[in-house]
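Residue-level listing of the chains:
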Amino acid sequence: MALRPVHVIIKALDASAVGRFWAEALGWSAYSPGVTTYVGPAGGLVWPDPVVVGIDVVPVPEPKTTAKNRVHLDLATTSAAHQAELVARLNALGATPADVGQGDVPWTVLADPEGNEFCVLEPREIYRDTGPIAAVVVDCADPRAMARFWGEAMDWTVHEVTDEQAVLRSAKGVGPYLEFLRTPDVKTVPDRVHLDLLPYPGDDKAAEVARLRALGAADLDLGQGDVAWTCLTDPEGHEFCVLALH
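As a starting point, this report considers the structure included with it. Just so it is clear, the structure is predicted and the values come from calculations on it, not from any experiment.

Counting residues in hydrophobic clusters, the biggest one holds 50 residues, and the most contacted among them are W22, I55, L75, L90, F118, W150 and L178. Broken down by element, this core gets its largest block of residues, seven residues, from helix α1 (residues 15-26). Membership of the second largest hydrophobic core comes to twelve residues, among which are Y127, A134, A135 and Y177.

What follows is the structure in structure tokens.
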């Protein structure tokens, strides 16, 4: 039994506009099968076995607070010229420079049109085969505890665990990394960005949710009502959802 991450959820006032931004940013396409805007490679959302970890932009009535998101995306580049070109193109699409206290670093910190922070990385060998999203990065207090929980929750491989960071990636060696970075700040507002997990065909969603609770997940009531997915938090309060296969 295991789960796999299939979406990065981004909440937005204008889901279609934010979806278009991310589609242009990643060289993907935006689809609106319902109230959300899905961003992924050409061909649409392949269900129930998505070929990539895509982005699903969900409309919400509340704007982002000034607090830094505790989950963000790192974008991959292949050269210094590619990094500069991508930053310029993103700024033209409506991104703005963001200061999260990064200081003088080789990567560029930006925010999407609704203020969600993300990084455009300098070329790094580790991310040469990830696709446009190098990593989904999560701020946390205890990377070792996060590696234990998420390593058990998902079928991804744990590549590195230290006091400062934990790194996981699909056992297939494709797509982005999932990275937990130790930070001094604590969660104060609901997550604007979170992961959606999906069982494999033949697995039982209720049994998976029960397994997650036994690992330390807690139920989360966002006012979602009677829906097909289950909202939970990990042991540090990061929100995530377990989707239904159908």
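To continue, consider the layout of surface pockets. Each pocket or cavity is described by its volume, and for the largest pocket that value is around 1,000 Å³. Taken together, 43 residues line the largest pocket, and the ones lying closest to its centre are I9, K11, V58, H194 and C241. For the lining of the largest pocket, the per-class residue count stands at 22 nonpolar, ten polar and eleven charged. In terms of lining, the second largest pocket is formed by 27 residues, of which the most central are H72, D74, W107, V137 and L181.

Right, let's talk about the pattern of salt bridges for a bit. Scanning the entire structure with this criterion turns up 14 salt bridges. Note that D185 is salt-bridged to R70, the shortest N-O span being 3.2 Å. One end of the pair, D185, is in the loop between β12 (177-182) and β13 (193-199); the other, R70, is in the loop between β4 (54-59) and β5 (71-75), and 115 residues separate them in sequence. Classification of R70 as buried rests on a relative accessible area of 9%. Among the salt bridges present, the one from R144 reaches D163, with a minimum N-O distance of 2.7 Å. Highlighted residues: R144 in helix α3 (residues 143-153) and D163 in the loop between β10 (157-161) and β11 (165-169), separated in sequence by 19 residues.

Okay, the side chain of H194 next. Structurally, H194 can be placed in strand β13. On the basis of relative accessible area, H194 is assigned to the buried category, the value being 7%. Engagement of the side chain of H194 in a polar contact is seen with the side chain of D196, the distance being 3.4 Å. Those residues in contact with H194 that sit more than four places away from it in its chain are H7, V8, I9, K11, E239, F240 and C241.

Scanning the entire structure with this criterion turns up zero disulfides. No disulfide involves C231; its sulfur sits 3.6 Å from that of C241, the nearest cysteine. Classification of C241 by relative accessible area gives buried; the value is 7%.

Here the focus is the pairing of β5. Most of β5 sits inside the fold, with five of its five residues counted as buried. The alternating pattern of β5 places V71, L73 and L75 on one face and H72 and D74 on the opposite face, and all of these are buried. In this structure, β5 lies alongside strand β9 (residues 133-140), joined through five bridges in antiparallel fashion. By the bridge assignment for β9, D74 is matched with A135.

A separate point is α1. Taking 1.5 Å per residue, twelve residues should reach 16 Å; α1 reaches 16 Å between its end C-alpha atoms and fits that length. Along α1, the residues classified as buried are A15, V18, G19, F21, W22, A23, A25 and L26. Looking one or two residues beyond α1, the residue adopting positive phi is G27, at roughly 75 degrees.

Take the packing of aromatic side chains next. One pass over the structure, following the stated rule, counts nine aromatic pairs. Judged by centre distance (5.4 Å) and plane angle (90 degrees), the ring pair of F21 and W22 falls under edge-to-face. Here F21 matches W22 in class, with each residue buried. Every member of this aromatic cluster is reached through a ring pair, and the members are F149, W150, F180 and F240. Lying across the ring of Y200, R4 places its NZ or CZ 4.2 Å from the centre.

Reading the values: the criteria
- Residues numbered from 1 in each chain as written.
- Predicted model: local features only at pLDDT ≥ 70, side-chain atom pairs only at ≥ 80, totals over all residues.
- Heavy atoms only, no water.
- Core = buried A, V, L, I, M, F, W, Y, C linked by side-chain atoms within 4.5 Å.
- Buried < 20%, exposed > 50% of the residue type's maximum accessible area, 1.4 Å probe, protein only.
- Helix = DSSP H or I, 4+ residues; strand = E, 2+ residues; numbered from the N terminus.
- 1 Å grid on protein atoms, 1.4 Å probe; cavity = no way out; pocket = protein on both sides within 12 Å on 5 of 7 lines; lining within 4 Å.
- Points joined across faces, edges and corners; volume = space filled by probe spheres on them.
- Nonpolar A, V, L, I, M, F, W, Y, C, P; charged D, E, K, R; others polar.
- Salt bridge = Lys/Arg side-chain N within 4 Å of Asp/Glu carboxyl O.
- Polar contact = N/O pair within 3.5 Å; in protein donor to acceptor, adjacent residues only side chain to side chain.
- Contact = heavy atoms within 4.5 Å.
- Disulfide = S-S within 2.5 Å.
- Pairing = 2+ DSSP bridges.
- Expected span 1.5 Å × (residues − 1).
- Phe/Tyr/Trp six-rings, centres within 6.5 Å; stacked < 30°, edge-to-face > 60°.
- Lys NZ or Arg CZ within 6 Å of the ring centre and 35° of its normal.

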